[in-house]
Amino acid sequence: MEKVISLNLDKVLSFVGKAEIEGKAALAKQYNEVLHKGSGKGNDFLGWLNLPTSITAAHLEDIQATANTLRQCEVVVVVGIGGSYLGAKAVIEALSNSFDWLQKDRKNPVVVYAGQNIGEDYIAELLAFLKGKSFGIINISKSGTTTEPALAFRILKKELEDSVGKEVAKNRIVAVTDAARGALHTLAKKEGYKMYVIPDNVGGRFSVLTPVGLLPIAVAGFDIKKLVEGAAFMEKNTTPDVPFEKNLAEQYAVTRNELYKKGKKIEILVNFNPKLHFFAEWWKQLYGESEGKDNKGIYPAAVDFTTDLHSMGQWIQEGERTIFETVISVANAHQKVEVPADAEDLDGLNFLVGKRVDYVNKMAELGTQLAHVDGGVPNLKIEVPELTEYYLGQLIYFFEKACGISGYILEVNPFDQPGVEAYKKNMFALLNKPGFEKAHEEIQKRL
Ligand SMILES: O=P(O)(O)OC[C@H]1O[C@H](O)[C@H](O)[C@@H](O)[C@@H]1O
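Residues numbered from 1 in each chain as written. Predicted model: local features only at pLDDT ≥ 70, side-chain atom pairs only at ≥ 80, totals over all residues. Heavy atoms only, no water.

To continue, consider the UniProt feature "active site" (unreviewed entry) in the protein. Following the UniProt record, the feature "active site" (unreviewed entry) maps to Glu289 and Lys424 here. In the annotated set above, the residues contributing to the lining of the largest pocket are Glu289 and Lys424. Structurally, Glu289 can be placed in helix H13 (residues 277-291). Dropping the residues within four chain positions of it, Glu289 is found in contact with Arg205, Lys284, Asp416, Gln417 and Val420. (UniProt positions renumbered as here; feature names shortened; annotations may be inferred. 1 Å grid on protein atoms, 1.4 Å probe; cavity = no way out; pocket = protein on both sides within 12 Å on 5 of 7 lines; lining within 4 Å. Helix = DSSP H or I, 4+ residues; strand = E, 2+ residues; numbered from the N terminus. Contact = heavy atoms within 4.5 Å.)

This brings us to the domain arrangement of the protein. Assigned domains of the protein: these are domain 1 (6-40 + 228-410) and domain 2 (50-222). For domain 1 and domain 2, the distance between their C-alpha centres works out to 29 Å. Facing the 25 residues of domain 1 at the interface are 26 residues of domain 2. Run the count over domain 1 and domain 2 and you get 1 salt bridge. The shortest N-O distance in the salt bridge between Glu289 and Arg205 comes to 3.0 Å. There are 6 residue pairs in polar contact (both at pLDDT 80 or more) connecting domain 1 and domain 2. Listing elements by their share of the side of domain 1 that touches domain 2, those giving two or more residues are helix H11 (224-236), H13 and helix H16 (389-409). The dominant element in the side of domain 1 that touches domain 2, judged by the number of residues it contributes, is H13, at 8 residues. (Domains from an automatic or database assignment. Salt bridge = Lys/Arg side-chain N within 4 Å of Asp/Glu carboxyl O. Polar contact = N/O pair within 3.5 Å; in protein donor to acceptor, adjacent residues only side chain to side chain.)

Lining the immediate environment of the ligand, one finds 13 residues, of which Ser84, Ser141, Thr146, Glu289 and Lys424 sit closest. Ser141 is positioned with one of its side-chain polar atoms (N or O) 2.6 Å from an oxygen atom of the ligand. Thr146 places a side-chain nitrogen or oxygen 2.5 Å from an oxygen atom of the ligand. When the free accessible area of the ligand is taken as 390 Å², the share hidden by the protein chains comes to 90%. Grouping the amino acids of the shell around the ligand by side-chain chemistry returns 2 nonpolar, 8 polar and 3 charged. (Near = heavy atom within 4 Å. Areas by Shrake-Rupley, 256 points an atom, 1.4 Å probe, with all protein chains shown as cover. Nonpolar A, V, L, I, M, F, W, Y, C, P; charged D, E, K, R; others polar.)

According to the stated counting rule, one finds 2 cavities of 30 Å³ or more in the structure shown. Each pocket or cavity is described by its volume, and for the largest cavity that value is around 40 Å³. Together, 13 residues line the largest cavity, and Gly83, Gly87, Ala88, Val208 and Val212 are the ones closest to its centre. If you list the elements that add at least two residues to the lining of the largest cavity, you get helix H5 (86-95) and helix H10 (211-219). In terms of residue count, H5 provides more of the lining of the largest cavity than any other element does, 3 residues in total. Tallied by class, residues from the lining of the largest cavity come to 6 nonpolar, 6 polar and 1 charged. Of all elements in the fold, only strand S7 (266-271) and H13 reach the threshold of two or more residues within the lining of the second largest cavity. (Points joined across faces, edges and corners; volume = space filled by probe spheres on them.)

To continue, consider the packing of helix H12 (residues 248-261) against H16. Here H12 crosses H16 at 45°, and the two axes come no closer than 8 Å. If you check the angle between H12 and H16, you find them oblique. The two elements H12 and H16 meet at a crossing, and its hand is right-handed. Side by side, H12 and H16 meet where Leu248, Ala249, Glu250, Tyr252, Ala253, Val254, Arg256 and Asn257 of the first sit next to Phe398, Phe399, Lys401, Ala402, Ile405, Ser406 and Ile409 of the second. Of the residues belonging to the contact of H12 with H16, the class tally is 10 nonpolar, 2 polar and 3 charged. (Axes fitted to C-alpha atoms, helices over the stretch in contact; angles between N-to-C directions. Parallel < 35°, antiparallel > 145°, perpendicular 65-115°, else oblique. Left-handed = near helix turned anticlockwise from the far one by under 90°.)

Let us now look at the packing of aromatic side chains. Under the defined criterion, the tally for this structure stands at 22 aromatic pairs. Between Phe398 and Phe399 the ring centres are 4.9 Å apart and the planes differ by 55°, which places this aromatic pair in the tilted class. Relative accessible area serves as the criterion here: at 0%, Phe399 is assigned to the buried category. Counting every residue linked through ring pairs, the aromatic cluster contains Tyr252, Phe279, Trp282, Trp283, Tyr287, Phe398 and Phe399. The ring of Phe278 carries Lys89 above its face, with NZ or CZ at 4.4 Å from the centroid. Between Lys433 and the ring centre of Phe428, over which it is positioned, the NZ or CZ distance is 4.0 Å. (Phe/Tyr/Trp six-rings, centres within 6.5 Å; stacked < 30°, edge-to-face > 60°. Buried < 20%, exposed > 50% of the residue type's maximum accessible area, 1.4 Å probe, protein only. Lys NZ or Arg CZ within 6 Å of the ring centre and 35° of its normal.)

With that out of the way, let us pick up the nonpolar core. In terms of nonpolar packing, the biggest core is built from 98 residues, with Phe279, Trp282, Phe398 and Phe399 touching the most fellow members. When residues in this core are grouped by element, the largest group, 13 residues, is from H16. Counting residues domain by domain, this core receives three or more from each of domain 1 (6-40 + 228-410) and domain 2 (50-222). Beyond its immediate chain neighbours, meaning those up to four positions away, Phe398 contacts Ile5, Met234, Leu248, Ala249, Tyr252 and Ile382. Counting 22 residues, the second largest nonpolar core, distinct from the first, contains Val79, Leu160, Ala188 and Tyr193. (Core = buried A, V, L, I, M, F, W, Y, C linked by side-chain atoms within 4.5 Å.)

Next up, the structure:
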């Protein structure tokens with residue numbers, strides 16, 4: 001039998017009973033069906049739903065071929081923000097050597113990111129790093145109009161053209177954007193860049209399995225075919241005809257909403273593996289933008305354990321009881337390090353001799369879960385057999401599917417993000433962007 005990620009609700013049941021969860025099974029199924037029928041809110045953004053099973057081998061080969069060209073560079077800069085960078089970064093970090101950028105004998109280009117902030121020092125330091133190196137750029141923006149990546153790309157494009165000339169630069173730049181609109185689309189067409197299209201009906205935070213995520217992941221040297229296979233497996237295993245008892249997406253969606261109704265307003269995604277830090281960042285955008293609206297929604301937070309047990313652990317154990325945790329537990333480490341014997345035993349660790357570091361980590365995980373449950377923090381556990389492309393694909397689709405169902409249970413439109421515009425309008429007004437002249441005058445009065 002094919003291995004699969006699993007969801008364990010045992011440490012939730014003293015807070016929300018089995019009967020309460022099962023009592024909502026029909027509702028979850030109903031909303032799952034609404035997703036598949038396309039009859040709910042935001043139904044023009046459901047392109048992600050059957051995406052994994054509809055990706056063709058030819059499409060993946062084309063992405064791989066483009067990746068192979070970029071892989072000839074020493075460095076590839078992925079330009080994008082939000083959904084246009086977090087998915088790629090999440091997968092690449094989860095699969096990479098923890099000291100990747102220090103590796104000398106490299107098989108893969110160094111992948112770095114830009115356009116995910118407006119840090120002047122960040123961009124200056126990136127330019128300094130790129131000096132004298134061969135580099136390529138993947139410029140990703142669904143709308144093609146987002147300020148942060150547009151600004152970074154303008155600077156990086158100039159740097160590349162200045163160093164290798166316009167003709168060579170043209171072949172080292174790939175654009176991933178909307179099918180027909182946006183400044184990036186116009187620019188890519190005019191300059192003759194290789195271009196990939198983000199389907200209209202796939203929103204940014206659901207776009208990791210389009211070229212948005214797949215191209216950078218392939219550039220970093222990871223198997224995008226396996227990633228898509230894992231997602232396709234989960235797509236098939238979360239359809240409405242899969243019974244609730246086996247339908248992880250429905251179960252997760254119901255459980256978190258039942259906890260929310262009981263005052264657990266913050267969900268902390270926990271990992272015990274530092275490679276998953278950015279996976280949690282991706283998850284935060286997915287759930288935060290999908291559910292945080294109409295003055296409701298679980299606040300998605302994240303911690304890295306055991307690191308943060310020594311900083312946030314106190315709050316989680318004894319602070320306000322408005323939280324629950326969803327622990328991503330990776331069953332098997334890829335490598336083996338055993339605790340060595342020490343004749344003097346000055347650190348008192350000889351009781352662990354011969355034990356694997358991962359065994360210690362697992363005991364920390366179990367001990368933490370028990371302590372937190374005792375402290376009033378419900379714990380869901382998602383077990384991932386190991387960190388591979390295949391299981392990450394499963395995990396990605398699981399969270400996407402559960403998010404759609406969960407948003408409908410909450411009665412919001414999970415596929416829009418109107419609230420994100422407020423800061424942009426103010427920023428454009430303050431910067432006196434053309435078209436914002438009146439807003440500029442107004443905002444000046446408030447300062
Ligand atoms: O891909 P882009 O159009 O550049 O958008 C990048 C990101 O910024 C926007 O403001 C949205 O809040 C995000 O959902 C989106 O992923």
